2 protein chains.
Amino acid sequence: MKAIILAGGKGSRLWPLSRDMYPKQLLSLDDNQSLLQKTFRRLLKFMNVGDIVTITNIRHYQDIKLQLNQINFDNIVISELIGKNTAPAIACGIQFFKQQCDDDIVLIMPSDHLINNVVEFEKSLNSAMELANQGYIVTFGIKPQYPETGYGYIKTKEALYPGFKVEKFVEKPDSETALQYVQSGDYYWNGGIFMGKISAFLEEFYKYTPEIFLQLPLLNFSERNAIPYEIYENMPSISIDYAVMEKSDKIALVELLSDWNDLGSWKSLYQVRKKDNDNNVLKGNVIVNNVKNSLIFSQKELVAVSDLEDIVLVETEDAIMACKMSESQNVKVLYEKLIGRESDITKFHKTIYRPWGYYTCLNSGKGYLTKNICVLPGQKLSLQSHKYRSEHWVVLEGKAFVILDGREFIIEAGGSIDIPINSIHSLQNPYDEELKVLEVQRGSYLSEDDIVRYSDCYGRV
Amino acid sequence: MKAIILAGGKGSRLWPLSRDMYPKQLLSLDDNQSLLQKTFRRLLKFMNVGDIVTITNIRHYQDIKLQLNQINFDNIVISELIGKNTAPAIACGIQFFKQQCDDDIVLIMPSDHLINNVVEFEKSLNSAMELANQGYIVTFGIKPQYPETGYGYIKTKEALYPGFKVEKFVEKPDSETALQYVQSGDYYWNGGIFMGKISAFLEEFYKYTPEIFLQLPLLNFSERNAIPYEIYENMPSISIDYAVMEKSDKIALVELLSDWNDLGSWKSLYQVRKKDNDNNVLKGNVIVNNVKNSLIFSQKELVAVSDLEDIVLVETEDAIMACKMSESQNVKVLYEKLIGRESDITKFHKTIYRPWGYYTCLNSGKGYLTKNICVLPGQKLSLQSHKYRSEHWVVLEGKAFVILDGREFIIEAGGSIDIPINSIHSLQNPYDEELKVLEVQRGSYLSEDDIVRYSDCYGRV
């Protein structure tokens, strides 16, 4: 069995913890592992590491590689240069496996859903495999627990052991309709998890979305596994539901027997977390007095709350969000209001993670920017130069190995060095301890894109 | 007429905007002036600058001097080395004036109440003066607008033109009693504003608190006008109400005809601020969606709020506080929970103001601390040395004039200098532009008290 992990999601629904450049799948929401890492590890119970491919937007390529490296897998990640919804991504993933083997069963999973009960999950996988082997494209349906209006539903018809035939896919219902769906017993939530043979998927793409299918033979996965822009440009932006599932007559459904949560809102995150005696989920530097049924997250500063109920309050380094628990999906309204403001608060975190470590912007002013940089043991930044800025480094902790215009310097904690405009330099930490450096950038243009790279952070020229 | 401004208040009720070391009277809550500055200016309409004395705790001495300097008054500030409630402070203030003139009328005012209508205020002052000249100690009563349970009340009896005789002072009532007080028409809120002749006050101190009165002749206001510890130590910690007002038979009341608000809670601050169409008071980098009847303050980072009503949310550089508007007095419960925690979050702000400018702690780690320092044009830091830390300064904006072990350096933006342990140094800005310096402290002990001063920031040795 092969698997495609869809990891192209955006960061609006759990803002400000998630950002465009650091969306939900990259976050560690219930323990130390990100949702992507958990999804990847879950699949490893059923297949080999080489049978999994992750598809994401180019913007997240580096972070996803980094997270897979963290759990010791240098796995294949295919990057999309532009977002085109799920159908093109899935088709390209299928084509990737088609080039590897003639035919096999492929499981397609979102990277940002929570499933903890692997024993029950495996039972559903086995049922789906039976039907996939018969040529069906199988969707995993979640038995609705309550009349949710935020999900699409799937209506089943007669049994197709060990699942059902599918009558139709239906859009997000209003609350009255949702209640009817739940009561009828024939409806399932559409969790966006699918399984089918490569041949079955390709046949249905051929039948129902030839504009996608006809591009596939042009794909030749090469350096960095980026899907060429010319190919993607010609594909429609369309969901797999719309492109195939709602049209095909080869669709079956098996019930997802495990737990499942899409963590699609702060409320759903609250639901899966362990509560304290006041039914609160508190994380970080939080202090409360007479607070109930609330989710309060602090990433950095103290958050003190008194006499409130049913609220969500999330503190990050550069944004604080508070909302009513039952209306937590409205964070997207705030998010949309913020898009296009001068700041990039919907896009970036203040602390940015890189393969070599991370940096945090401390403050900025007229012609300067200060950053706190951490270089992990054994890591280095690329050999680079800047056209518009000088830099001044002060070593705070650890020891820095610096290359500056061909000369080498070792700088101990407390020492400092000037990096002039246009000088070719690299900050490196070949030692065992973390290196912390305070960087003061000065210049007429202070942005990450003022960089000429002479090698990458792996030392490759 | 003379005036004593009582400015010794603590910072618990408007935390996290107020702190122990930067309490309410120092804050600018409704415009660009602090409550202390507004109180001072209000009094200048009725007396000369030399007739006003401010009494505060030694902790706030420097900040109060600074704020008075900001509005161009180098006025007398008497500092208490320990807090002893209002009676000892008032007695010492009275004694201060007694040493200046034989007898005069003294007005005593808290530094942190809001009074905007000066015309009506003056009417009440004139009424009080009539009675003070007859030997009465006059308290200013505020006609209750609603049955507040958080204030003490004063019950009046027969008229004593242009005020009333006082029957009794009563403690904070329960809500039922408060309602009876309001309905009776005989009760007033006790706003803590008093007036009387020096001789009248001294007589009543002599009669009712001789343990305070007998210390007064020992007072000799000298350098910095600090009240000697030996004298204060022997005085009881007692309020003026308890020490004199509730016992004396020379008490009169005049109604305070102006507006009045003690800004004693976030709710009362909300009440005096201008509301927008949704009845919100929003300040700083705040964005809202479907929010009503709320007070939201941002000092630094973005605060985004959705679907909440009747809340207070205050963001400062190092603490976020959220509470229900109607229970905003409970911020003191949070405050008390925080006292004694390892951090000084109830005591200090992250940005500390000094006569020469201000500094902000950016971050700290193993053996280092980084600060952003701003030195105002024409200002300088004292000539000083440190036993346990070296410093490294990077000039970010402006130009620094540095004295280091007798040598002088001029450092332009982008330049840096090392300040070794034990070296005698001073950071100065004799130029017209603000000087911004990034300071990296390194050492085994990093605290403000590791300092030997060779001159102060005014250049005085």
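These figures come from a predicted structure and were not determined experimentally.

Conventions used here
Residues numbered from 1 in each chain as written. Chains lettered and ligands numbered in written order. Predicted model: local features only at pLDDT ≥ 70, side-chain atom pairs only at ≥ 80, totals over all residues. Heavy atoms only, no water. Helix = DSSP H or I, 4+ residues; strand = E, 2+ residues; numbered from the N terminus. Rg over C-alpha atoms; globule rule 2.2 N^0.38 Å. Buried < 20%, exposed > 50% of the residue type's maximum accessible area, 1.4 Å probe, protein only. Lys, Arg positive; Asp, Glu negative; His and termini not counted. Charge placed at Lys NZ, Arg CZ, Asp CG, Glu CD. Least-squares fit on C-alpha atoms with pLDDT ≥ 70 in both. Contact = heavy atoms within 4.5 Å. Phe/Tyr/Trp six-rings, centres within 6.5 Å; stacked < 30°, edge-to-face > 60°. Lys NZ or Arg CZ within 6 Å of the ring centre and 35° of its normal. Buried area = accessible area lost by both parts, 1.4 Å probe. Salt bridge = Lys/Arg side-chain N within 4 Å of Asp/Glu carboxyl O. Polar contact = N/O pair within 3.5 Å; in protein donor to acceptor, adjacent residues only side chain to side chain. Nonpolar A, V, L, I, M, F, W, Y, C, P; charged D, E, K, R; others polar. Pairing = 2+ DSSP bridges. Axes fitted to C-alpha atoms, helices over the stretch in contact; angles between N-to-C directions. Parallel < 35°, antiparallel > 145°, perpendicular 65-115°, else oblique. Left-handed = near helix turned anticlockwise from the far one by under 90°. Disulfide = S-S within 2.5 Å.

J.: Looking at this model, I keep getting lost on the overall build of chain A. Mind explaining?
T.: Along its length, chain A carries eleven helices and 27 strands. In summary, chain A has a C-alpha radius of gyration of 24 Å against a globular reference of 23 Å for 461 residues, a match within 12%. Overall, chain A is about 75 × 60 × 40 Å in size when its C-alpha atoms are taken along their principal axes. Going through the 461 residues of chain A one by one, you find that 56% of them count as buried. Between the mean site of the 50 positive side-chain charges and the mean site of the 60 negative ones, chain A shows a separation of 1 Å.

J.: Help me out: how do you make sense of the relation of the copies chain B and chain A in this one?
T.: Note on the identical chains: chain B maps onto chain A by a rotation of 180 degrees and an axial translation of 0.0 Å, with an RMSD of 0.1 Å. Here the two chains are linked by the operation of a two-fold rotation axis. Scanning chain B for the C-alpha nearest the rotation axis identifies B:Leu362, at a separation of 3.4 Å. Same-surface contact between copies: 100% of interface residues of chain B are shared with the interface of chain A.

J.: Can you walk me through the packing of aromatic side chains in this structure?
T.: For any pair of aromatic rings, the description consists of the separation of the ring centres together with the inter-plane angle of the planes. Under the definition given, this model contains 32 aromatic pairs over all chains. For the pair A:Phe164 and A:Tyr188, a centre-to-centre distance of 6.1 Å together with 40 degrees between the ring planes defines the contact as tilted. Of the two residues, A:Phe164 is situated in strand β7 (residues 163-170) and A:Tyr188 in strand β8 (residues 187-197); the sequence distance between them amounts to 24 residues. The rings of A:Tyr146, A:Tyr151, A:Trp189 and A:Trp260 are connected pair by pair, giving a single aromatic cluster. One Lys or Arg, B:Lys247, reaches over the ring of B:Tyr242 and ends 5.6 Å from the middle of that ring.

J.: Any chance you could explain the interface of chain B and chain A here in plain terms?
T.: How big an interface is tends to be stated in terms of accessible area lost as the parts join. Contact residues are listed per partner, giving 55 residues for chain B and 55 residues for chain A. Taking both sides of the interface into account, the surface hidden between chain B and chain A amounts to around 4400 Å²; carbon and sulfur atoms contribute 60%. Three residues, B:Leu302, B:Ile320 and B:Leu396, lead the burial of chain B against chain A; their summed loss comes to 14% of the area buried on that side. Connecting chain B to chain A are five salt bridges. For B:Glu433, the salt bridge is made with A:Lys366, and the minimal N-O distance between the two is 3.4 Å. Linking chain B with chain A are 23 residue pairs in polar contact (both at pLDDT 80 or more). Looking at the side of chain B that touches chain A residue by residue, the class counts come to 27 nonpolar, eleven polar and 17 charged. As defined by bridge partners, strand β13 (residues 302-306) of chain A adjoins strand β15 (residues 319-324) of chain B across five bridges and the pair is classed as parallel. Looking at the pairing, A:Ala304 lines up with B:Met321 of β15(B).

J.: For this particular structure, what's the right way to read the packing of helix α1 (residues 35-44) of chain B against helix α2 (residues 58-70) of chain B?
T.: When two helices pack together, you describe them by how their axes are tilted relative to each other and by the distance separating the axes. Residues and elements named next belong to chain B. At a minimum axis separation of 10 Å, α1 and α2 run at an interaxial angle of 55 degrees. When the interaxial angle is binned, α1 and α2 end up oblique. By crossing handedness, the relation of α1 to α2 is classed as right-handed. Contacts between α1 and α2 involve Leu36, Gln37 and Phe40 from the former and Ile64, Gln67, Leu68 and Gln70 from the latter. Classifying every residue of the contact of α1 with α2 by side-chain character gives four nonpolar, three polar and no charged.

J.: Teacher, can you tell me more about the state of the cysteines here?
T.: By definition, a disulfide links two cysteine residues through a covalent bond between their sulfur atoms. Going through the model one piece at a time under the given rule, you end up with zero disulfides over all chains. Free of any disulfide, A:Cys101 has its nearest cysteine sulfur in A:Cys92, 16 Å distant.

J.: Would you take a moment to explain the sheet that holds strand β16 (residues 351-354) of chain A for this structure?
T.: Residues and elements named next belong to chain A. A sheet is described by the order of its strands in space; here six strands give the open sequence β16-β17-β18-β26-β21-β24, paired in antiparallel fashion. The open sheet has two edge strands with one neighbour each: β16 and β24 (416-419). Ignoring strand direction, the axes of neighbouring strands in this sheet form an average angle of 20 degrees.

J.: What is the right way to read the pattern of salt bridges from this model?
T.: Between side chains of opposite charge, a pair can form when the charged atoms approach closely. By the definition in use, this model includes 34 salt bridges over all chains. Notably, a salt bridge pairs A:Glu120 with A:Lys123, separated by 2.9 Å at the nearest N-O pair. Pair noted here: A:Glu120 and A:Lys123 are both in helix α4 (residues 118-133), with a separation of three residues, about one helical turn. By relative accessible area, which is 43% here, A:Lys123 ends up partly exposed. Here B:Lys24 and B:Asp112 are joined by a salt bridge, their closest N and O atoms 3.4 Å apart. Note that B:Lys24 is positioned in the loop between β1 (2-6) and α1 and B:Asp112 in the loop between β4 (105-110) and α4 (118-133), a separation of 88 residues in sequence.

J.: Quick question: what am I supposed to make of the sheet that holds strand β24 (residues 416-419) of chain B here?
T.: Residue and element names in this part refer to chain B. Ordered by their spatial adjacency, six strands build an open sheet running β16-β17-β18-β26-β21-β24, and the pairing between neighbours is antiparallel. Both outer strands of the open sheet, β16 (351-354) and β24, are each paired with one neighbouring strand and no more. Within this sheet the neighbouring strands show an average axis-to-axis angle of 20 degrees, counted without direction. Inspection of the sheet shows strand β21 (residues 389-397) paired to strand β26 (residues 435-443) by eight bridges, in the antiparallel sense. Its bridge partner being in β26, arginine 389 is matched across the sheet by glycine 443.

J.: Whenever I open this one, the packing of helix α3 (residues 86-100) of chain B against helix α6 (residues 198-208) of chain B confuses me. Can you help?
T.: All names here are of chain B. Where α3 meets α6, the closest approach of the two axes is 10 Å, and the angle between their N-to-C directions is 135 degrees. Compared by their axis directions, α3 and α6 come out oblique. The way α3 lies across α6 gives a crossing that is left-handed. The segment α3 lies against α6, with Ala87, Ile90, Ala91, Ile94, Gln95, Phe97 and Lys98 engaging Ile198, Phe201, Leu202 and Phe205. Counted by class, the contact of α3 with α6 contains nine nonpolar, one polar and one charged residues.

J.: Please explain the environment of B:Glu433 as it appears in this structure.
T.: Residues and elements named next belong to chain B. Mapped onto the secondary structure, glutamate 433 falls in the loop between β25 (425-429) and β26. The exposure class assigned to glutamate 433 is partly exposed, which follows from its relative accessible area of 39%. Placed 205 residues apart in sequence, glutamate 433 and proline 228 show a C-alpha to C-alpha distance of 41 Å.

J.: Would you mind showing me how to read the environment of B:Glu203 here?
T.: By the secondary structure assignment, B:Glu203 is in helix α6. The spacing of B:Glu203 and B:Phe213 is ten residues in sequence and 8.8 Å in space, taken between C-alpha atoms.

J.: Would you mind going over unusual backbone geometry with me for this structure?
T.: A negative phi angle characterises most non-glycine residues, just as the trans form characterises most peptide bonds. At the junction of A:Trp15 and A:Pro16, the peptide bond is cis and its omega measures out at 5 degrees in the coordinates. Positive phi values are uncommon outside glycine, yet B:Asp310 reaches one of about 55 degrees. Positionally, B:Asp310 belongs in the loop between β13 (302-306) and β14 (311-315). Take B:Asp310: its relative accessible area is 35%, and that puts it in the partly exposed class.

J.: Can you walk me through the environment of A:Val166 in this structure?
T.: Counting through the fold element by element, A:Val166 comes out in strand β7. Sequence-distant contacts of A:Val166, defined by excluding residues within four places in its chain, comprise A:Thr139, A:Ile154, A:Lys155, A:Thr156, A:Lys157, A:Ile251, A:Ala252 and A:Leu253.

J.: Looking at this model, I keep getting lost on the pairing of β24(B). Mind explaining?
T.: Two faces make up the sheet, and in a regular strand the side chains alternate between them. Residues and elements named next belong to chain B. Only one face of β24 is buried: it carries Ile417 and Ile419, and the other face, with Ser416 and Asp418, is open. The sheet contact formed by β21 and β24 spans four bridges and is antiparallel. Bridging across to β24, valine 394 finds its partner in serine 416.

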